[in-house]
Protein chains: 2
Amino acid sequence: MPELRKDPVCNRWVLLAPQRATRPNEFAPQSQDRAPHPRGIPAAYPLPEDCPFCEGNESQTPAEIDAIRPAGTAANGPGWSTRVVPNRFPALEGTFTPLTAENVLYQQSPGIGAHEVMIESSAHLTTAREMDDHHFRNLVTVCQRRLLHFKHEGHWTSALWFKNVGPDAGASLAHAHSQLIVLPLLPPVLRDELAGSLSYHHRHGRCVFCDFIEQEQSGGPHQVAAAPAVLAFCPYASRFNYETWIVPRRHESHFEDTSPETLIQLAGVLRSVLVRIESRIGRASYNVILHSSPFDTHKLNHYHWHMEILPRISRSAGFEWGTGLAISTLPPHQAANLLREIQI
Amino acid sequence: MPELRKDPVCNRWVLLAPQRATRPNEFAPQSQDRAPHPRGIPAAYPLPEDCPFCEGNESQTPAEIDAIRPAGTAANGPGWSTRVVPNRFPALEGTFTPLTAENVLYQQSPGIGAHEVMIESSAHLTTAREMDDHHFRNLVTVCQRRLLHFKHEGHWTSALWFKNVGPDAGASLAHAHSQLIVLPLLPPVLRDELAGSLSYHHRHGRCVFCDFIEQEQSGGPHQVAAAPAVLAFCPYASRFNYETWIVPRRHESHFEDTSPETLIQLAGVLRSVLVRIESRIGRASYNVILHSSPFDTHKLNHYHWHMEILPRISRSAGFEWGTGLAISTLPPHQAANLLREIQI
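For clarity, every value in this text was computed on a predicted model and none was experimentally measured. (Residues numbered from 1 in each chain as written. Chains lettered and ligands numbered in written order. Predicted model: local features only at pLDDT ≥ 70, side-chain atom pairs only at ≥ 80, totals over all residues. Heavy atoms only, no water.)

Q: Looking at this model, I keep getting lost on the overall build of chain A. Mind explaining?
A: The number of helices and strands found in chain A is 6 helices and 14 strands. Computed over its C-alpha atoms, the radius of gyration of chain A comes to 20 Å, within 12% of the 20 Å expected for a compact globule of 344 residues. By residue count, 63% of the 344 residues in chain A fall in the buried class. Long-range pairs, those at least 24 residues apart, make up 67% of the contacts in chain A with a sequence separation of at least 6. Separation between the mean location of the 30 positive side-chain charges and that of the 34 negative ones in chain A comes to 3 Å. (Helix = DSSP H or I, 4+ residues; strand = E, 2+ residues; numbered from the N terminus. Rg over C-alpha atoms; globule rule 2.2 N^0.38 Å. Buried < 20%, exposed > 50% of the residue type's maximum accessible area, 1.4 Å probe, protein only. Contact = heavy atoms within 4.5 Å. Lys, Arg positive; Asp, Glu negative; His and termini not counted. Charge placed at Lys NZ, Arg CZ, Asp CG, Glu CD.)

Q: What is the right way to read the pattern of salt bridges from this model?
A: Pairs may arise between side chains of opposite charge once their charged atoms sit close together. Following the criterion strictly, the structure yields 34 salt bridges over all chains and no others. With a shortest N-O distance of 3.2 Å, Arg191 of chain B and Asp192 of chain B are connected by a salt bridge. Residue Arg191 of chain B is classed as partly exposed on the basis of its relative accessible area of 43%. In the salt-bridge network here, residues are joined through shared partners; they are Asp168 and Arg315 of chain A together with Asp168 and Arg315 of chain B. (Salt bridge = Lys/Arg side-chain N within 4 Å of Asp/Glu carboxyl O.)

Q: How should I be thinking about the interface of chain B and chain A in this particular structure?
A: When the parts of a complex come together, some accessible area is lost, and that lost area is often taken as the interface size. Contacts between the two partners involve 97 residues from chain B and, on the opposite side, 96 residues from chain A. For the pair chain B and chain A, the summed buried area comes to about 8,400 Å², and 63% of that belongs to carbon and sulfur atoms. Looking at the side of chain B facing chain A, the largest losses of area belong to Tyr106, Tyr236 and Trp321 of chain B, adding up to 10% of the total buried there. Applying the counting rule to chain B against chain A returns 2 salt bridges. Notably, a salt bridge pairs Asp168 of chain B with Arg315 of chain A, separated by 3.1 Å at the nearest N-O pair. Counting across the interface, chain B meets chain A through 23 residue pairs in polar contact (both at pLDDT 80 or more). In terms of residues, the side of chain B that touches chain A owes the most to one element, helix H2 (residues 188–204) of chain B, which gives 9 residues. (Buried area = accessible area lost by both parts, 1.4 Å probe. Polar contact = N/O pair within 3.5 Å; in protein donor to acceptor, adjacent residues only side chain to side chain.)

Q: Would you mind showing me how to read the relation of the copies chain B and chain A here?
A: The operation relating the two chain copies consists of a rotation about an axis and a shift along that axis. For the pair chain B and chain A, the relating rotation is 180°, the translation along its axis is 0.0 Å, and the fit reaches an RMSD of 0.0 Å. In the structure described here, the two chain copies are related by an operation that fits a two-fold rotation axis. In this assembly the copies share their binding face: 99% of the residues contributing to the interface of chain B also contribute to that of chain A. (Least-squares fit on C-alpha atoms with pLDDT ≥ 70 in both.)

Q: Could you clarify how one ought to interpret the packing of helix H4 (residues 260–280) of chain B against helix H6 (residues 332–341) of chain B in this entry?
A: Packed helices, taken two at a time, are described by the angle their axes make and the gap between the axes. Residues and elements named next belong to chain B. Put simply, H4 and H6 touch, their axes get as near as 9 Å, and they point 100° apart. Regarding the angle of H4 to H6, the classification is roughly perpendicular. Contacts between H4 and H6 pair Arg276, Ile277 and Arg280 from the former with Leu338, Leu339, Arg340 and Glu341 from the latter. Its residues placed into classes, the contact of H4 with H6 shows 3 nonpolar, no polar and 4 charged. (Axes fitted to C-alpha atoms, helices over the stretch in contact; angles between N-to-C directions. Parallel < 35°, antiparallel > 145°, perpendicular 65-115°, else oblique. Nonpolar A, V, L, I, M, F, W, Y, C, P; charged D, E, K, R; others polar.)

Q: Hey, could you run me through the pairing of strand E4 (residues 82–86) of chain A in this one?
A: On a regular strand, one side chain projects to one face of the sheet and the next to the other, so that they alternate. All names here are of chain A. Summarising burial for E4: 4 of the 5 residues are buried, a large majority. Alignment of strand E3 (residues 66–68) against E4, held across 3 bridges, turns out to be antiparallel. Its bridge partner being in E4, Ala67 is matched across the sheet by Arg83. (Pairing = 2+ DSSP bridges.)

Q: Can you help me understand the confidence of the model for chain A in this one?
A: The predicted coordinates ought not to be read in detail in places where the model reports low pLDDT. Residue and element names in this part refer to chain A. Confidence in the prediction of chain A, expressed as mean pLDDT, is 91, and 92% of residues score 70 or more. Note that pLDDT drops below 50 for residues 29–44; the model gives that stretch 41 contacts with residues more than four away or on any other chain. For this predicted complex, the interface score ipTM comes out at 0.91, alongside a pTM of 0.92. (pLDDT = per-residue confidence, 0-100.)

Q: What is the right way to read the sheet that holds strand E5 (residues 107–110) of chain A from this model?
A: Strand pairing in a sheet relies on backbone hydrogen bonds, with the paired strands running either antiparallel or parallel. If you walk across this open sheet you meet the 4 strands as E5(A)-E1(A)-E2(A)-E14(B), and the pairing is mixed. With one partner strand each, in any of the chains shown, E5 of chain A together with strand E14 (326–328) of chain B form the two edges of the open sheet. Looking at each pair of strands side by side, their axes are set apart by 30° on average, direction ignored. Of the strand pairs in this sheet, strand E1 (residues 3–7) of chain A and E5 of chain A are connected by 4 bridges, and their pairing is antiparallel. Within E5 of chain A, the position partnered with Lys6 of chain A by the bridge is Gln107 of chain A.

Q: I would appreciate a short explanation of the pairing of E1 of chain A in the present structure.
A: Residues and elements named next belong to chain A. Of all the 5 residues making up E1, 5 are buried; the element is thus mostly covered by neighbouring parts of the structure. Here E1 shows no split at all, with Glu3, Arg5 and Asp7 on one side and Leu4 and Lys6 on the other all buried. Here E1 runs beside strand E2 (residues 12–16); their pairing, made up of 5 bridges, is antiparallel. Each bridged residue has a counterpart across the sheet, and for Leu4 the counterpart in E2 is Leu15. With antiparallel pairing between neighbouring strands as the criterion, E1 and E2 make up a hairpin whose turn holds 4 residues, including Asn11 at a positive phi of roughly 50°.

Q: Could you clarify how one ought to interpret the side chain of Ser253 of chain A in this entry?
A: Residue and element names in this part refer to chain A. If you trace the backbone, Ser253 turns up in the loop between strand E11 (244–248) and helix H4 (260–280). Within the local environment of Ser253, its side chain forms a polar contact with the side chain of His254, the two groups lying 2.8 Å apart. In this structure the side chain of Ser253 is engaged in a polar contact, spanning 3.0 Å, whose partner is the backbone nitrogen of Leu300. In contact with Ser253, not counting residues within four places along its chain, are Ser292, Ser293, His298, Lys299, Leu300, Tyr303, His304 and Trp305.

Q: Please clarify how the environment of Asn11 of chain B should be interpreted in this entry.
A: Mapped onto the elements, Asn11 of chain B comes out in the loop between strand E1 (3–7) and strand E2 (12–16). By relative accessible area, Asn11 of chain B is classed as partly exposed at 30%. Residues Asn11 of chain B and Gln107 of chain B, spaced 96 residues apart in sequence, show a C-alpha to C-alpha distance of 9.7 Å. Beyond its immediate sequence surroundings of up to four residues, Asn11 of chain B is in contact with Arg203 of chain A together with Lys6 of chain B.

Following this line, the structure appears as structure tokens:
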């Protein structure tokens with residue numbers, strides 16, 4: 001059973017999930033614990049017949065929770081285009097109970113929540129370039145559906161959708177997939193964004209993301225891609241080279257409330273940005289993370305849902321872990337320019 | 001010139017240091033920007049005659065700032081045992097000016113500060129096991145001396161000493177070395193520790209680190225190594241497998257004020273912990289980070305200097321970047337037990 005533990009110095013929760021040590025890793029043939037090197041991509045990816053996410057291998061995953069598949073096809077059989085299954089090695093699991101940590105040195109609480117995997121294609125695709133807009137439309141549609149499902153359960157604080165691509169971004173399987181984590185607490189990153197954007201709103205009377213959008217869509221040098229309802233840009237204070245954020249142009253605080261039309265445009269812009277990043281930094285490792293308001297809030301004037309794409313080219317080192325400051329080496333206006341130049 | 005930029009959402013500073021993109025990397029023969037893989041340790045480390053940190057190659061570094069070398073040997077020549085030189089690719093540089101960021105979308109300030117490299121041995125040693133206690137004594141002695149130097153300059157907020165070992169911990173050269181960064185601002189990690197430990201002190205009337213020490217030295221299951229004045233233990237809320245903290249047993253808030261005797265014991269315990277970690281996770285990548293009170297504070301009752309050793313076995317992924325929560329898979333009492341078992 002996973003366990004949440006709290007460091008009493010910084011009141012920092014961490015997650016202890018021993019069962020995740022046993023999960024397979026296509027990218028690291030040797031045991032993580034004993035010999036973390038070499039970590040290069042192996043000479044050959046597993047053949048599709050060995051991949052648990054490929055069509056025809058549905059029996060290798062737990063039973064599906066949701067799927068996009070034609071009427072008439074049976075659950076857990078072939079024919080699907082997107083499939084949601086429980087993570088076999090969940091970081092969080094179990095039914096809701098309130099956090100129990102007491103104010104002592106050894107604070108802990110059960111690591112309750114949910115951890116699902118979204119398999120983004122039935123074929124063995126591993127890059128955004130191999131995928132088409134329909135794969136991405138299905139993905140964001142299913143993501144919205146699963147968020148709504150957990151929101152309606154009523155007791156969860158928030159959920160996090162994210163996609164890890166490549167070993168340097170923490171992926172352990174190459175087949176295109178992403179993950180949804182449901183949490184019993186407000187994640188610190190979201191807490192900081194909510195507090196900071198609220199403070200900005202108090203000072204300026206505006207949403208900080210809306211201000212960014214106004215700046216970047218009217219000739220700002222950081223724009224990467226755009227659609228009528230969606231904008232992608234490299235943030236001025238990028239933490240990673242080629243870091244890119246995707247935002248709806250109209251103010252929206254909750255991803256689960258966005259319209260089907262915006263979802264379609266989001267899918268297209270997301271694919272466009274990922275293909276550009278993959279083209280620019282060959283065999284790119286990157287994370288895509290959806291930031292959206294907590295389930296227990298109504299429409300917020302100060303917060304704006306968005307996606308963050310974090311290319312993982314360099315390692316965070318003692319400087320970053322010691323200070324909490326990120327270091328990048330590529331000015332974001334140059335990154336945006338290099339990404340815009342890519343023909344897709 | 002490096003530049004500090006501030007994200008207005010979270011008021012998060014980041015550092016943009018383009019000149020660091022050009023630094024050499026023994027571990028990544030290909031350009032970081034174009035082809036980040038494979039990142040395995042190369043078949044052979046550079047031969048010592050090519051290593052800028054080896055004795056005899058002093059001309060390949062900038063002129064030394066400080067050194068431990070016998071009387072009669074000339075600066076920037078052979079004979080030294082520990083050497084401090086400016087980093088050729090500084091993350092921060094330049095004389096002090098107050099931060100200038102205004103409260104707007106694009107906030108920036110010059111990335112002023114200093115960035116020094118401590119070369120820990122004249123021979124081409126790459127692991128703690130190859131080094132002896134004298135190497136570590138020299139290192140912590142020089143570290144304290146450099147901290148005192150910058151403290152006495154009077155205008156810097158704090159300095160961070162850290163050591164990156166192995167490519168997964170962000171090291172770019174194998175020869176044993178560490179780094180000192182001098183900062184014009186309070187690093188967020190230290191700010192959070194100061195605020196959290198102050199809050200703990202207000203609630204309990206005690207230093208949270210002293211409470212940890214009392215717990216761990218009296219039969220707590222997390223102890224890794226010990227000396228009369230120094231204790232090493234795996235924290236209950238570890239973020240990394242085998243994470244280990246080293247603390248002075250007596251309450252001390254500022255590393256630069258610690259006694260020569262404590263420094264000697266610290267050197268021995270630090271080496272002991274690193275050798276254990278290297279033995280347990282062969283070819284370990286890890287960071288060592290010194291946490292100490294800001295220069296502009298007097299003795300603090302609520303804060304306790306310490307070293308954090310962070311083994312870098314797994315990659316942080318979308319979950320960690322999206323939530324701000326760390327995931328570990330090895331319970332710290334088991335980690336401590338496995339480390340204690342190592343014969344050194």
